[in-house]
Amino acid sequence: MSHITRKHTALPKAQILIEALPWLTRHRGKTVVIKFGGNAMIDEELKAAFAQDVVFLHHAGLKPVVVHGGGPQISAQLDRHGIASEFKAGLRVTTEDAMDVVRMVLAGKVQRELVGLLNQHGPLAIGMTGEDAHTITATKHLPEIDGEPVDIGRVGEITAVDTGAIEALLVDGRIPVVSSIARSQDDGHVYNVNADTAAAALAAALGAETLMVLTDVEGLYEDWPHSDEVISRLTASELEKLLPELASGMVPKMRGCLHAVRNGVTTARVIDGRVQHSILLEIFTDEGIGTMVVPDAQEGDAV
């Protein structure tokens, strides 16, 4: 191949990199909290692409923090232990026996695998749970069903977040990978907490620039199931009005986005984790590929 031809084939790559420049400038030094979940957690190629994206963000000068749950893996392991999976109000009923399995799967399997994938690219990722250094504290969550509080076991409601350990890791140039387990505020036990909720609480406490929630849909649909038109951008108030109409699986994700932007996070995004490199597409291109939630405009803000 002549050097002339080589120059031409390489040029599109240079143009793509230059397109990312304004976004690199804007996001440099900013914290981004990414909730890892859905299909991206179980498909090997998507898992590898996710790890590449997170490492790319790190090398581009951002500070990624990864939060994960592990619904499918927990259900599979409970089956092996002969424990039935039961859900009430969209949350997993978590007995003491089930909690042992949840902790083992999240901290011992899902987190380890993700840390391993990230660390193929260098000594970057460090795994922790919300128990470590009092990162996430919770009390018992009693959801209401038909107006009555229901006991669903060791499922927690987050009461406090201490970001000290995560911030120390970020200063040290590491990528924290946090399992959604919390320490108890009032007894010696631990709680299973919803990973979308945990990611939103951490994003707010860290003063993150962005919360990104990976999911198995393209974003928030305009008029599901009658239309598959995705809403690309909406304000906190617009989202609040839509919440009662949302499918149950989207509620914790969108509540998390709402909590984040109401508590200092600049943008919260739900993106399609089934698309390879969806994180890079969302952060470094004009188009974006999901639904972005922004705070309500303040008086005097430029629109």
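Everything below is about the structure shown above.
1. Looking at a negative patch on the surface
Part 1: On the surface, Glu-218, Glu-222, Asp-228 and Glu-229 cluster together into a negatively charged patch.
Part 2: Structurally, the position occupied by Glu-229 is in the loop between β13 (220–221) and β14 (230–231).

2. Some points on the side chain of Thr-31
Part 1: Position of Thr-31 among the secondary structure elements: in strand β1 (residues 31–36).
Part 2: If we ignore the near neighbours within four places in the chain, the residues touching Thr-31 are Lys-63, Val-65, Leu-170, Leu-206, Ala-208, Glu-209 and Thr-210.

3. Let's talk about the pattern of salt bridges
Part 1: Counted under the stated rule, the structure contains 15 salt bridges.
Part 2: Across the pair Arg-154 and Glu-96 runs a salt bridge, and its minimum N-O distance is 3.6 Å. Of this pair, Arg-154 sits in the loop between β8 (148–149) and β9 (156–161) while Glu-96 sits in helix α5 (residues 96–118), placing them 58 residues apart in sequence.
Part 3: Exposure remark for Arg-154: the relative accessible area of 8% places this residue in the buried category.
Part 4: By relative accessible area, Glu-96 is classed as partly exposed at 42%.
Part 5: Between Glu-131 and Arg-103 there is a salt bridge, with the nearest N and O atoms lying 2.5 Å from each other. With a gap of 28 residues between them, Glu-131 in the loop between β5 (125–130) and β6 (136–140) and Arg-103 in helix α5 connect regions that are remote in the sequence.
Part 6: The exposure class assigned to Arg-103 is partly exposed, which follows from its relative accessible area of 35%.
Part 7: Linked by salt bridges that have partners in common, Lys-35, Asp-196 and Lys-253 make up one network.

4. Things to note about helix α9 (residues 250–262)
Part 1: Between the first and last C-alpha of α9 there are 18 Å, a value that for 13 residues agrees with the 18 Å anticipated at 1.5 Å per step.
Part 2: Looking only at α9, the buried set comprises Met-250, Lys-253, Met-254, Gly-256, Cys-257, Leu-258, Ala-260 and Val-261.
Part 3: Of the residues flanking the end of α9, it is Gly-264, one or two places downstream, whose phi is positive at about 100°.

5. Here's the deal with the packing of helix α3 (residues 44–59) against α5
Part 1: Look at α3 against α5: their axes get within 9 Å of each other, and the N-to-C directions meet at 60°. By the angle between their directions, the pair α3 and α5 is classed as oblique. Where α3 crosses over α5, the handedness of that crossing is right-handed. Residues Glu-44, Lys-47, Phe-50, Ala-51, Val-54 and Val-55 of α3 lie in contact with α5, whose contacting residues are Glu-113, Leu-114, Leu-117 and Leu-118.
Part 2: The residue makeup of the contact of α3 with α5, split by class, is 7 nonpolar, no polar and 3 charged.

6. Thoughts on the environment of Val-65
Part 1: Tracing the chain through its elements places Val-65 in strand β2 (residues 63–68).
Part 2: Taking the C-alpha atoms as reference points, Val-65 and Arg-174, 109 residues apart in sequence, are found 9.1 Å from one another.
Part 3: If sequence neighbours within four positions are ignored, Val-65 has contacts with Thr-31, Val-32, Val-33, Ile-34, Ile-166, Leu-170, Pro-176, Val-178 and Leu-206.

7. Some points on the packing of aromatic side chains
Part 1: Within this structure, the stated rule accounts for 2 aromatic pairs.
Part 2: Ring geometry for Phe-56 and Phe-284: centres 5.8 Å apart, planes at 70°, overall edge-to-face. Remark: Phe-284 occurs in helix α10 (residues 278–284) and Phe-56 occurs in helix α3; sequence separation between them is 228 residues.
Part 3: In this structure, Arg-154 is placed above the aromatic ring of Tyr-191, and the distance from its NZ or CZ to the ring centre is 4.3 Å.

Scoring rules and cut-offs
- Residues numbered from 1 in each chain as written.
- Predicted model: local features only at pLDDT ≥ 70, side-chain atom pairs only at ≥ 80, totals over all residues.
- Heavy atoms only, no water.
- Patch = residues over 30% accessible without salt bridge, like charges linked within 9 Å, V, L, I, M, F, W, Y side chains within 5 Å.
- Areas by Shrake-Rupley, 256 points an atom, 1.4 Å probe, with all protein chains shown as cover.
- Salt bridge = Lys/Arg side-chain N within 4 Å of Asp/Glu carboxyl O.
- Lys, Arg positive; Asp, Glu negative; His and termini not counted.
- Charge placed at Lys NZ, Arg CZ, Asp CG, Glu CD.
- Helix = DSSP H or I, 4+ residues; strand = E, 2+ residues; numbered from the N terminus.
- Contact = heavy atoms within 4.5 Å.
- Buried < 20%, exposed > 50% of the residue type's maximum accessible area, 1.4 Å probe, protein only.
- Expected span 1.5 Å × (residues − 1).
- Axes fitted to C-alpha atoms, helices over the stretch in contact; angles between N-to-C directions.
- Parallel < 35°, antiparallel > 145°, perpendicular 65-115°, else oblique.
- Left-handed = near helix turned anticlockwise from the far one by under 90°.
- Nonpolar A, V, L, I, M, F, W, Y, C, P; charged D, E, K, R; others polar.
- Phe/Tyr/Trp six-rings, centres within 6.5 Å; stacked < 30°, edge-to-face > 60°.
- Lys NZ or Arg CZ within 6 Å of the ring centre and 35° of its normal.

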